[in-house]
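# Close look at the chain arrangement
Each chain is listed here by its residues.
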Amino acid sequence: MMSGMVVILLFIIFIAWLAIDLGVGKKVFSQAENTFPKRRASLFLFADGNVLYKDLFHEIENASSFIHLSFYIVQNDEVSQDFLDLLVQKAQQNIEVRLLVDRVGSYKIKKNKIAFLKKQGVHFAYSRTLRWPYLFYTLNARNHRKMAVIDGKVGYIGGFNIGREYLGLDAKLGVWKDYHLRMEGEGIQDLQMQLLSDWYAATGLDLRKMERYFPPTSEGDYVIQLQSTEGFSLEESFLSIINQANRELYIGTPYFIPSEPLMNALLQARARGVQVHILIPMRADQPLVHHAAFAYLPTLLQAGCMIYQYYYGFYHAKVLIADNVICDVGTANFDKRSLFLNAEINCLIYDATYIEEVKNSFKVCMGECPVLSLEDVKNRTWSEKLKQGFATFISPLL
């Protein structure tokens, strides 16, 4: 009896420690969030990793001044090797190369590889290393941003990382569906500012006032706004977009674990007649995250939301569209980790013409996917439902 009480007490102490670690750690280590001014930028949407890599690698190959890159994941495979070899090649040409990667997301990069990169002149740094005494918070609060700025003229932002799976070469995941934006114009300077802010946080080297990194740019075709978040204002941003919808709402995300206010906002949107379309993957790269989504789907289905499952491979795009008024494409998932823990960056698009282009791409994918029914959810096995229950319990950390 006494031993059972001790176990329960220790468990309570452990949970309390985790809560304190997360809460205080967030206050101590979170960086400033930035909602940049509205700018103009020219955009191109990539939905295929092969096309994106071809374009990105071409711009890197032709860089004449500097290459600034930040990724959540750089794998240890042949695709990543080609990428890193290209960076070494440019560094050997006396082009400034900076590569920032997340310490947990890019754990597979070997130490000897990092040493080689540095020896060849590549400026390499880890973002979000573990910090004592808030180990649990610093383990979980990742830099999930994917950004690139080349010569201050071309930028990239979106969901693709660097690895073979993003080219559809992983047999388990199959075709990889994602969104990434190529950007030119005024918005580049804000992307550069965020990337250099992250570099400063990781290394202590502040390059944000160096004019050579912010050359003059053309205005660009569309009105956009970059928003970087640190687990504080993303929920508010998503709520604002959802509440603006009067006719239709489109959500694409690999991980669907909404907060209670977001869930209520979706139901309220349906109640005022908004057609709500949610696209999620059928396959899972993170099993528990996949199961956690099913805690929310029955209520949404009963309210008349349309939920589609991408089954050709893995769906990793992050997109939120309200009518033709506003569109959000970036790195943030529709889940609690992106909402309350991760560092993310999204591009808000306000131009109806370009929003329609993104929407059409979304609809093509949506049209190829089976529609999930309430019957499908109810017929899940007991094993799946048990996993769902556990996943729901730990959903803030998934």
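All residue numbers refer to positions counted from 1 along the written sequence of the respective chain. At least 70 in pLDDT is required for a residue's local features to be given in this predicted model, at least 80 for side-chain atom pairs to be given and counted, and no such filter applies to totals for whole chains, interfaces and linings, which use all residues. Side-chain measures here rest on the full set of heavy atoms in the structure, leaving out hydrogens and waters.

Per an unreviewed UniProt entry, the protein carries the name Cardiolipin synthase and comes from Priestia aryabhattai.

Another point: the packing of aromatic side chains. Note on aromatic contacts: the rings of Phe and Tyr and the six-membered ring of Trp form a pair at centre separations within 6.5 Å, being stacked when their planes are under 30 degrees apart, edge-to-face when over 60 apart, and tilted otherwise. Within this structure, the stated rule accounts for 17 aromatic pairs. Geometrically, the ring pair formed by phenylalanine 124 and tyrosine 126 is edge-to-face, given 5.2 Å between the ring centres and 85° between the ring planes. With respect to burial, phenylalanine 124 and tyrosine 126 carry one shared label: buried. Centre to centre, the rings of tyrosine 311 and tyrosine 312 are 4.6 Å apart; their planes meet at 20°, and the pair counts as stacked. Judged by its relative accessible area of 37%, tyrosine 311 is partly exposed. The side chain of lysine 26 reaches across the aromatic face of phenylalanine 232, ending 4.6 Å from its centre. Positioned above the aromatic ring of tyrosine 126, the side-chain terminus of arginine 103 is 4.3 Å from the ring centre. Each residue is assigned to one of three classes by its accessible area relative to the maximum for its type, calculated with a 1.4 Å probe on protein chains only: buried under 20%, partly exposed between the two thresholds, exposed over 50%. To sit over a ring, a charge needs its Lys NZ or Arg CZ within 6 Å of the ring centre and within 35 degrees of the ring normal.

Generally speaking, nonpolar side chains in soluble globular proteins are found buried as a group. Throughout this description, the term nonpolar core refers to a set of buried Ala, Val, Leu, Ile, Met, Phe, Trp, Tyr and Cys residues connected via side-chain atoms within 4.5 Å. Judged by nonpolar contacts, the single largest core of 80 residues is most densely connected at Phe83, Leu249 and Phe256. At seven residues, helix α3 (residues 78-92) tops the list of elements feeding residues into this core. Here the limits of each domain have been adopted from an automatic or database domain assignment. Split by domain, this core shows at least three residues from each of two domains, domain 1 (41-209) and domain 2 (234-397). A contact between two residues is defined here by any heavy atoms of the two lying within 4.5 Å. Setting aside its immediate chain neighbours within four residues, leucine 249 contacts Ile242, Leu266, Val274, Gln275, Val276, His277, Leu320, Ile321 and Ala322. Counting residues in each nonpolar core, the second largest holds 44 residues, with Leu207, Ile224, Tyr310 and Tyr315 among its members. Labels follow the DSSP assignment, with helices taken as runs of H or I lasting at least four residues and strands as runs of E lasting at least two, numbered in each case from the N terminus.

Bringing the environment of cysteine 305 into the picture now. With respect to the helices and strands, the residue cysteine 305 is situated in the loop between α10 (297-302) and β13 (306-310). Judged by relative accessible area, cysteine 305 falls into the buried class, the value being 3%. Sequence separation between cysteine 305 and arginine 270 is 35 residues; the distance between their C-alpha atoms is 7.2 Å. Beyond its immediate sequence surroundings of up to four residues, cysteine 305 is in contact with Arg270, Val276 and Leu300.

The step from tryptophan 132 to proline 133 runs through a cis peptide bond, and the omega angle for that step is 5°. With respect to the helices and strands, proline 133 occurs in the loop between β5 (123-127) and α5 (135-140). In this model, asparagine 94 sits at a positive phi of 65°, which is unusual for a non-glycine residue. Its identity as a non-glycine residue notwithstanding, aspartate 151 has a phi of 60°, on the positive side.

Let us now look at the domain arrangement of the protein. In terms of domain boundaries, the protein breaks down into domain 1 (41-209) and domain 2 (234-397). Domain 1 puts 30 residues into the contact, and the matching count from domain 2 is 31 residues. Defined in terms of a 1.4 Å probe, buried area is the accessible area two parts forfeit on being brought together, summed over both. Looking at the side of domain 1 facing domain 2, the largest losses of area belong to His144, Lys177 and Tyr179, adding up to 27% of the total buried there. Salt bridges are defined as contacts in which a side-chain nitrogen from Lys or Arg sits within 4 Å of a carboxyl oxygen from Asp or Glu. Counting the contacts that link domain 1 with domain 2 gives zero salt bridges. We call two N or O atoms a polar contact when they sit within 3.5 Å, provided that within protein one can donate a hydrogen and the other can accept it, with sequence-adjacent residues counted only if both atoms are side-chain atoms. One can count 19 residue pairs in polar contact (both at pLDDT 80 or more) joining domain 1 with domain 2. Looking at the side of domain 1 that touches domain 2, the elements with two or more residues in it are β2 (39-46), α5, β7 (154-158), β8 (175-177), β9 (180-185) and α6 (187-203). Here the side of domain 1 that touches domain 2 is built from residues that sort into 16 nonpolar, seven polar and seven charged. For this classification, the nonpolar set comprises Ala, Val, Leu, Ile, Met, Phe, Trp, Tyr, Cys and Pro, the charged set comprises Asp, Glu, Lys and Arg, and every other residue, Gly included, is treated as polar.

Here we take up the packing of helix α7 (residues 234-244) against helix α8 (residues 260-271). Geometry of a packed helix pair, given as the angle between the helix axes and the separation of the axes. Where α7 contacts α8, the two axes come as close as 10 Å, and the packing angle between them is 5°. In terms of orientation, α7 lies roughly parallel with respect to α8. Residue-level inspection shows Glu235, Phe238, Leu239, Ile242 and Asn243 of α7 in contact with α8, the latter providing Pro261, Leu262, Ala265, Leu266 and Ala269. Residues that form the contact of α7 with α8 fall into these classes: eight nonpolar, one polar and one charged. Angular values range over 0 to 180 degrees, each being the angle between N-to-C directions of two axes fitted as lines to C-alpha atoms, with helices fitted over their stretch in contact. Orientation categories follow fixed angle ranges, with anything under 35 degrees roughly parallel, anything over 145 roughly antiparallel, 65 to 115 roughly perpendicular, and all other angles oblique.

The next thing to look at is the pairing of strand β11 (residues 248-252). Of all five residues that make up β11, five are buried, and the element is covered over most of its length. Taken together, the five bridges between β11 and strand β12 (residues 275-281) define a ladder with parallel strand orientation. Its bridge partner lying in β12, leucine 249 is registered against valine 276. After leaving β11, the chain enters α8 and then returns to the sheet as β12, a path that is right-handed. When DSSP finds two or more bridges between two strands, those strands count as paired. The pairing of β11 with strand β15 (residues 319-322) spans four bridges and is classified as antiparallel. Looking at β15, one finds that isoleucine 251 is bridged to leucine 320. Seen with its strands pointing away from the viewer, a crossover is right-handed if its path from the first strand over the helix to the second goes clockwise.

Let us now look at the pairing of β5. As a general feature of sheets, a regular strand has side chains that alternate between the two faces. Judged by how many residues are buried, β5 sits mostly within the fold: four of five residues are covered. Pairing geometry for strand β4 (residues 96-102) and β5, over five bridges, is parallel. Note on β5: the bridge partner recorded for aspartate 102 is serine 127. Remark: the β4/helix α4 (residues 111-119)/β5 crossover connection has right-handed handedness.

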